[in-house]
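In case you want the letters, here they are:
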Amino acid sequence: MVHSLWAASLSLAVVFPSLSLAQESLSLSVPPKRSDATVSAELDPAFAGFGIEPSNLFSFTGGDTPNTFSIQLLQNLADYSGAPPHIRVGGNTQDYMIYDETFTSISWKRNVESTAQGAIAADSMIIGPGYFQALDRFPKGTWITYGLNLAYQASDYTDRIVKHAQAAVNNLKNVQLYSFEIGNEPDLYLQNQMRSGAWDGAAYSKAFLDRADSVYKQVLEPAKLPATFFEGPCTASTIGNTFEIPQLVDNGFLGDVNGNLYVGWWNQHDYFQFIGVTVEPITLDNLMNLDSTNTQFKYWEKQIKIGLSTGVPYVLREMSSVGPIGMHEVSDTFGAALWTLNFFCYVATLNVSSVQMHMTDNSNASAWQPIEIWGKKPFVRPQYYAHAAIAQIIGNGNGTTQIGSLSTSGAGGDYKGRIRAYSVYANGNIQAAVLINSKPSPSTESNKASYTFDLDLGTQSANKDVFLSYLTADGSESLTGTSWNGMTYDDVTGLASQTDNTIYKTRTDGSGKVSVQVRDTQAVVANLDWLLGSNVVEQVDGSTTAGSRRKSSAGHTLTSPRTMAVSLVAVMIGFFCFA
Ligand SMILES: *[C@@H]1O[C@H](CO)[C@@H](O)[C@H](O)[C@H]1NC(C)=O
Ligand SMILES: *[C@@H]1O[C@H](CO)[C@@H](O)[C@H](O)[C@H]1NC(C)=O
Ligand SMILES: *[C@@H]1O[C@H](CO)[C@@H](O)[C@H](O)[C@H]1NC(C)=O
């Protein structure tokens, strides 16, 4: 007996060091009511959207037959959030396209009579009504930001852009035309030979306003659509050039003394890393260092503030982890899903009102691959699961969701740059917390450490159930096997299936405190009172969609870390006593 006790105390020495893996923690006090300065405006259900490169539209919509896989993947997100994700159809290739109403096939064709300027000519592609027929297959009410061609400048340019805009207004019936862009990344027009000679922010402003004026007077006004229907400047970057928001304002971009005429949204682009532009090596480890995102985005943060101060909303219509078309084993991994979820929450807190993650059919940074390419059949990438997560987070508040950032600067050592936490409000009250642990852990590590978030949700949240929804996979480098809230998405149909029926829940104590452990390379949404996605979601079109997860079940209550440690010790003592 004495011998056994001695063994038991020895075993404690063995047990505690491994338990201490889970001891890294951070205390966060979560304001129970929305406190204005640090919390976003209400997020639109279409907030987390996609950009589609115009030349690749048919890969996503399908040609003669609809791409039901893509359409279902978009519909899932609409069901979760309350509206389909906002789609931008725009990119370099919008500046290569001219519209020909006699070309009716559901495809684009090369213009064999191309005469325009450009490294790739500004009239090298022809599209017709089939283009809009295909786009109209996306879920009902999908907001479309449509990119018109500014590069084309032959003598009939006004006639061309007016006809193209008119076709968009006339032919999009199931989806909803939301806004027009005029030109993609005009800051790069000298480089790609779309312009020569004097081309700068001032020349751009003039060209933009000239076309906006024609499209408004000849297309929008007759259709009773508003004049502030345009987005600009759609720049790749404004660092060191003359396309900065204040410079454009000085150029009269927002109109003259009579006020803003045409600009409804400040629209800028960014990529976290871009092959051939980013100086440091592009690695998964750096993508998962979330401090790097803040560093890279610092300049854009300033632009957002300046843009919002003009009274015009700010949208990030072209964004991605790695441009131009991703990087295998970086942008297509589970680590990229954690980056994406963090990015959505982060820019929400900056009051960016919409984000479009850019997609091409061959991009390893697209949320899904819509057609067979690289010798691989279509499939869903881990990134899609981050879209599913943010869609459920937004839908959970029926259009009242607001996101605030919680300071994680106290996360040090190995966890520096790897920990993020956000508060989520619904109807002005605390509803959830998004907790991200992006410390890379490979799938080969079976005994992963965890990080503990000690949340203080305030006394109004005392003694409440807290349901946990996990964004998870085997490891940071995992290309497959991701799940969100127990769901996975089929690579053929795009339909969700519930692969984990467990309901994970814990409880706040009598003062509203709760500790949540998040494994390395994982994110958790801790939602008060019910399981995320179990409620009916009110759709913006007035309908409702049933909850995507069961409301309750026999349940699986998580023991708190402390109880777990104690019971483990008890087991060990028992083991040695009986040995
Ligand atoms: C975001 O908008 C909300 C609501 O208008 C405001 O209270 C908050 O201060 C804004 N935050 C930033 C960073 O602009
Ligand atoms: C994209 O990923 C696939 C594997 O899924 C790979 O075969 C291909 O080379 C990658 N393409 C690029 C451009 O990285
Ligand atoms: C959203 O609406 C559903 C159905 O009307 C309701 O059950 C749920 O409580 C609402 N959620 C919030 C946060 O208001």
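Residues numbered from 1 in each chain as written. Chains lettered and ligands numbered in written order. Predicted model: local features only at pLDDT ≥ 70, side-chain atom pairs only at ≥ 80, totals over all residues. Heavy atoms only, no water.

For the protein chain, the name recorded in an unreviewed UniProt entry is Glycoside hydrolase family 79 protein, with Lentithecium fluviatile CBS 122367 as its organism.

## Section: the packing of aromatic side chains
The full count for this structure, using the stated rule, is 37 aromatic pairs. When the centroid spacing of 5.5 Å and the interplanar angle of 85° are considered together, the rings of Phe-297 and Phe-343 count as edge-to-face. Separated by 46 residues along the polypeptide, Phe-297 in helix 9 (residues 290–309) and Phe-343 in helix 10 (residues 334–349) bring together distant segments of the chain. Pair check on accessibility: Phe-297 and Phe-343 agree, each one buried. Ring plane angle 85° and centroid distance 6.4 Å describe the contact between Tyr-384 and Tyr-385, whose orientation is recorded as edge-to-face. The burial state of Tyr-384 is the same as that of Tyr-385; both residues are buried. Taken together, the aromatic side chains of Phe-180, Tyr-189, Trp-199, Tyr-204, Phe-208, Tyr-216, Phe-229, Phe-230, Phe-243, Phe-253, Tyr-262 and Trp-266 make up a single cluster linked through ring pairs. Over the aromatic face of Phe-379 sits the side chain of Lys-376, whose NZ or CZ is 4.1 Å from the ring centroid. (Phe/Tyr/Trp six-rings, centres within 6.5 Å; stacked < 30°, edge-to-face > 60°. Helix = DSSP H or I, 4+ residues; strand = E, 2+ residues; numbered from the N terminus. Buried < 20%, exposed > 50% of the residue type's maximum accessible area, 1.4 Å probe, protein only. Lys NZ or Arg CZ within 6 Å of the ring centre and 35° of its normal.)

## With respect to unusual backbone geometry
In this structure, the amide linkage connecting Gly-232 to the following residue, Pro-233, adopts the cis form with an omega of 0°. Note that Pro-233 resides in strand 9 (residues 230–235). Residues Gly-323 and Pro-324 are joined by a peptide bond in cis, for which omega reads -5°. When you line up the elements, Pro-324 lands in the loop between strand 13 (322–323) and helix 10.

## Concerning the nonpolar core
Core analysis: the largest hydrophobic core is formed by 130 residues, its most contacted members being Tyr-146, Phe-180 and Leu-341. For this core, the element with the most residues is helix 10, which contributes 12 residues. Sequence-distant contacts of Phe-180, that is, excluding residues within four places in its chain, are made with Tyr-146, Leu-148, Ala-165, Ala-168, Val-169, Val-215, Leu-220, Phe-229, Phe-230 and Glu-231. The next biggest cluster of nonpolar side chains, apart from the first, holds 27 residues, and it includes Leu-435, Phe-453, Leu-468 and Val-514. (Core = buried A, V, L, I, M, F, W, Y, C linked by side-chain atoms within 4.5 Å. Contact = heavy atoms within 4.5 Å.)

## Focus on the side chain of Ser-363
When you line up the elements, Ser-363 lands in the loop between strand 14 (354–359) and strand 15 (368–369). Judged by relative accessible area, Ser-363 falls into the buried class, the value being 1%. Here Ser-363 is in contact with Pro-324, Ile-325, Gly-326 and Arg-381, once residues within four sequence places are set aside.

## A short note on the sheet that holds strand 20 (residues 450–456)
Read from one edge to the other, the open sheet built from 3 strands follows the order 1-20-26, with strand pairing classed as mixed. Looking at strand neighbours, the two that pair on one side only are strand 1 (25–29) and strand 26 (513–519), the edges of this open sheet. Shown here is a sheet whose adjacent strand axes are inclined to one another by a mean of 20°, direction ignored. As defined by bridge partners, strand 1 adjoins strand 20 across 5 bridges and the pair is classed as parallel. Within strand 20, the position partnered with Leu-28 by the bridge is Leu-455. (Pairing = 2+ DSSP bridges. Axes fitted to C-alpha atoms, helices over the stretch in contact; angles between N-to-C directions.)

## With respect to the pattern of salt bridges
Summed over all chains, the structure comprises 14 salt bridges. The residue Glu-318 makes a salt bridge to Arg-88 at a minimum N-O spacing of 2.7 Å. Separated by 230 residues along the polypeptide, Glu-318 in strand 12 (residues 314–319) and Arg-88 in strand 3 (residues 87–89) bring together distant segments of the chain. With a relative accessible area of 6%, Glu-318 lands in the buried category. (Salt bridge = Lys/Arg side-chain N within 4 Å of Asp/Glu carboxyl O.)

## What about the environment of Asp-541?
Residue position: Asp-541 is located in the loop between strand 28 (537–538) and strand 29 (544–545). With relative accessibility at 55%, the residue Asp-541 sits in the exposed group. Sequence-wise, Asp-541 and Gly-82 are 459 residues apart; in three dimensions their C-alpha atoms are separated by 8.3 Å.

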